[in-house]
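Descriptive structure summary
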Amino acid sequence: MARVAARLSTDGKQSTHPVDEVLPVPKLALYGFQHVLAFYAGAVIVPIIVGSALKLSPEQLVYLINADLFTCGIASIIQAWGIGRIGARLPLIQGVTFTAVSPMIAIGLGAGGGTAALLVIYGAVITAGIATFAFAWLPAKAFRMVMRLFPPVVTGTVITVLGIVLIPVGLNDAAGGLGSPDFGEPKNFAYAGGTMLFILILMKLGRPFLSSIAILLGLVVGTGVAFLLGDAKFGDVGKSDWIGVTTPFHFGVPKFEWFPIVLMLIVMLITMVETTGDTYAVGDIVGKEVDSETVARALRADGAATALGGVLNSFPYVAFAENVGLVRMTKVKSRFVVVAAGVFMIILGMLPKAAAIVAAVPHGVLGGAATVMFAMVALAGIQTLGKVDLKEEKNALIVGVSLAFALLPATVPVFFTKHMDADLSSLLNSGVTLGATAAIVLNLIFNGPAKDNAHDAPAAGARALAEAEAEADTAPGTGAAPAEVPAAVPAQAAAPAPAAEKADDADPTPSPSAP
């Protein structure tokens with residue numbers, strides 16, 4: 001039987017835990033929209049990057065953005081509201097994981113690009129989502145054993161690899177988009193540099209709210225300047241409909257191919273580490289104890305959302321770390337704020353004109369913003385590794401050799417394109433896949449499974465990042481840690497101290513409170 005998390009007030013009566021408090025509608029709307037602002041840029045960049053790499057038409061790109069936002073809204077509501085034993089019932093926003101960007105592009109290019117590539121990607125996404133959902137129903141003992149494969153030396157290496165591999169993606173966009181006629185022209189780098197400079201100025205100002213939407217504002221201002229100079233075209237906005245509904249299998253029936261499925265399973269294995277860290281981090285922030293069942297419920301929501309994403313023309317989902325940081329900054333703990341944000345996202349996902357505006361962002365502007373975000377991913381991984389004893393030669397070898405493996409596809413691409421079977425290449429031609437696999441295998445060889453339980457290993461990296469953020473927040477002349485770090489980061493923020501009070505599973509029925 002579900003139990004309501006409650007605590008005793010000063011008069012001895014039970015009071016609703018802040019996580020389960022239903023705020024007045026105006027506050028729900030305001031705080032929910034703030035979550036959307038912090039989340040929006042990170043949410044739409046993935047479909048833009050993947051769609052551009054696969055050479056989709058502007059209309060198809062608009063549809064991808066709408067499908068992503070629509071599914072993000074549903075996924076966030078499932079995670080925060082909860083359905084039975086699915087969803088952590090914590091203020092966690094769900095978004096498309098950046099971990100999947102490079103593998104999805106590799107799968108898509110291997111399938112020839114275009115909508116045919118999307119069908120192969122969606123087949124892999126649906127299968128991986130179902131597998132993740134099933135995994136999260138494993139008995140607690142088996143679940144903890146799997147989580148022991150991911151101590152901080154592994155998670156830190158994986159995050160660092162992810163950032164390093166994604167930075168060239170941002171730089172290619174900064175140059176004008178790989179394959180575009182004006183690729184490498186100085187004006188593209190000017191737009192990218194101006195966008196980056198504007199974002200850094202906002203971060204330097206140290207205003208928490210400005211920091212949380214710095215990426216979004218950078219995209220808006222950069223696109224505005226490009227429009228004034230004649231380099232941003234909004235002709236497709238007028239052609240787009242005002243209202244559009246995402247329909248299942250819009251691009252056709254998914255194709256289920258073996259190697260892409262294996263690759264996406266590896267992606268979901270990494271995202272499980274991310275969501276685990278985020279769940280413990282937000283539990284610390286809101287003062288609600290997180291146990292293995294809570295983590296399992298969060299992962300079930302990930303799996304369900306990912307499978308739904310494949311059906312609704314979107315991609316794999318994970319708990320978004322930047323919104324965990326927003327909960328920490330605002331101190332607004334109610335999970336129903338995230339539910340409100342989910343409603344906003346569903347509405348935005350039904351407005352093709354809004355998506356068309358986003359799709360018109362010039363490559364140079366997008367590349368400037370994306371490079372900042374991807375660089376922060378790598379930094380987050382370095383911060384996690386800072387808490388690992390790298391004076392131990394075995395840990396140093398794990399990190400160093402894994403980074404070397406991660407750089408192989410970008411450094412010697414001919415090995416994968418000319419000397420390897422196409423299916424095998426789509427699996428291995430990814431720095432994230434090679435780097436993450438090397439980190440896991442080398443850690444097992446040198447250290448064996450972690451002795452920490454499922455909480456301690458992922459949470460260690462999360463708390464390490466929280467300590468680094470706290471130092472940055474208190475240092476003179478610095479601002480709040482950037483909120484727009486992609487979802488690839490496992491728990492960008494955590495509370496400074498463990499939760500002090502015991503809280504059982506929340507009841508799925510909302511408990512209204514006085515305004």
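Residues numbered from 1 in each chain as written. Predicted model: local features only at pLDDT ≥ 70, side-chain atom pairs only at ≥ 80, totals over all residues. Heavy atoms only, no water.

Topic: the overall build of the protein chain
When helices and strands are counted, the protein chain shows 21 helices and six strands. Burial analysis of the protein chain (515 residues in total) assigns 56% to the buried set. Looking at the protein chain alone, contacts between residues at least 24 apart form 84% of all its contacts between residues at least 6 apart. Surface summary for the protein chain: the accessible area is close to 19800 Å², and the carbon and sulfur share equals 68%. (Helix = DSSP H or I, 4+ residues; strand = E, 2+ residues; numbered from the N terminus. Buried < 20%, exposed > 50% of the residue type's maximum accessible area, 1.4 Å probe, protein only. Contact = heavy atoms within 4.5 Å. Areas by Shrake-Rupley, 256 points an atom, 1.4 Å probe, with all protein chains shown as cover.)

Focus: the packing of helix α11 (residues 258-286) against helix α12 (residues 292-311)
The contact between α11 and α12 brings their axes to 10 Å, and the two run at 135°. As judged from the angle between their axes, α11 and α12 are oblique. Relative to α12, the crossing made by α11 is right-handed. Contacts between α11 and α12 involve M268, T271, M272, T275, T276, T279 and Y280 from the first element and S292, T294, V295, A298, L299, D302 and T306 from the second. Counted by class, the contact of α11 with α12 contains six nonpolar, seven polar and one charged residues. (Axes fitted to C-alpha atoms, helices over the stretch in contact; angles between N-to-C directions. Parallel < 35°, antiparallel > 145°, perpendicular 65-115°, else oblique. Left-handed = near helix turned anticlockwise from the far one by under 90°. Nonpolar A, V, L, I, M, F, W, Y, C, P; charged D, E, K, R; others polar.)

Section: unusual backbone geometry
Of note in the backbone geometry, K55 takes a positive phi value of approximately 60° without being a glycine. Along the chain, K55 falls in the loop between α1 (25-53) and α2 (58-81). Taking relative accessible area as the criterion, K55 reaches 57% and is therefore assigned exposed. Although it is not a glycine, N313 sits at a positive phi angle of roughly 70°. Positionally, N313 belongs in the loop between α12 and β5 (317-319).

Observations regarding the environment of G123
Secondary-structure assignment places G123 in helix α4 (residues 114-135). C-alpha of G123 to C-alpha of M264: the two residues are 141 residues apart in sequence and 9.7 Å apart in space.

A closer look at the nonpolar core
Counting residues in hydrophobic clusters, the biggest one holds 96 residues, and the most contacted among them are F39, V46, F98, M104, M264 and F315. No other element matches the 11 residues that α1 contributes to this core. In this structure, M264 is in contact with M104, I107, A124, V125, A128 and P316, ignoring residues within four places of it in sequence. L92, I285, A298 and A319 belong to the second-largest nonpolar core, a separate cluster that totals 19 residues. (Core = buried A, V, L, I, M, F, W, Y, C linked by side-chain atoms within 4.5 Å.)

Here we look at the environment of G176
Within the secondary structure, G176 is located in the loop between α6 (152-174) and α7 (186-205). When the C-alpha atoms of G176 and F189 are compared, they prove to be 7.8 Å apart, with 13 residues separating the residues in sequence. Leaving out residues up to four positions away in the same chain, G176 has contacts with D182, F183, N188 and H363.

Observations regarding the side chain of T223
Here T223 lies in helix α9 (residues 214-228). On the accessibility criterion, T223 (8% relative accessible area) is buried. The residues contacting T223, other than those within four sequence positions of it, are A232, F234, V361, P362 and V365.

Re the confidence of the model for the protein chain
Model confidence for the protein chain is summarised by a mean pLDDT of 75, while 77% of its residues fall at 70 or above. The secondary structure element of the protein chain with the lowest average pLDDT is strand β6 (residues 511-512), at 38, and the one with the highest is α4, at 91. Confidence drops under a pLDDT of 50 for residues 1-14, and excluding neighbours within four residues, the segment shows 30 contacts in the predicted structure. (pLDDT = per-residue confidence, 0-100.)

As for a nonpolar patch on the surface
A cluster of nonpolar side chains, contributed by V220, V221, V225, F227, L228 and L229, occupies part of the molecular surface with about 590 Å² of accessible area. As for its placement among the helices and strands, V220 is situated in helix α9. (Patch = residues over 30% accessible without salt bridge, like charges linked within 9 Å, V, L, I, M, F, W, Y side chains within 5 Å. Salt bridge = Lys/Arg side-chain N within 4 Å of Asp/Glu carboxyl O.)

Quick word on the packing of aromatic side chains
By convention here, two paired aromatic rings are described through the distance between centres and the angle between planes. Enumeration over the complete set of coordinates arrives at five aromatic pairs. Here F33 and F344 contribute two aromatic rings whose centre-to-centre distance is 5.5 Å and whose plane-to-plane angle is 70°, an arrangement assigned as edge-to-face. Here the residue F33 occupies a position in helix α1, and F344 occupies one in helix α14 (residues 336-348), the gap between them amounting to 311 residues. A relative accessible area of 39% places F33 in the partly exposed class. Among the residues examined, F344 registers a relative accessible area of 25% and is labelled partly exposed. When the centroid spacing of 5.7 Å and the interplanar angle of 80° are considered together, the rings of Y63 and F251 count as edge-to-face. (Phe/Tyr/Trp six-rings, centres within 6.5 Å; stacked < 30°, edge-to-face > 60°.)

Quick notes on the environment of I215
Mapped onto the elements of the fold, I215 is located in helix α9. Relative accessible area serves as the criterion here: at 3%, I215 is assigned to the buried category.

Let's talk about the pattern of salt bridges
Oppositely charged side chains can form a pair if their charged atoms are brought close together. If you walk through the whole model with that rule in mind, you get two salt bridges. Note that R85 is salt-bridged to E293, the shortest N-O span being 3.3 Å. With R85 in the loop between α2 and β4 (94-96) and E293 in helix α12, this residue pair connects regions lying 208 residues apart in the sequence. We note a salt bridge from E293 to R300, for which the minimum N-O separation is 3.2 Å. Among the residues examined, R300 registers a relative accessible area of 2% and is labelled buried. Within this structure, R85, E293 and R300 form a network of salt bridges that share partners.

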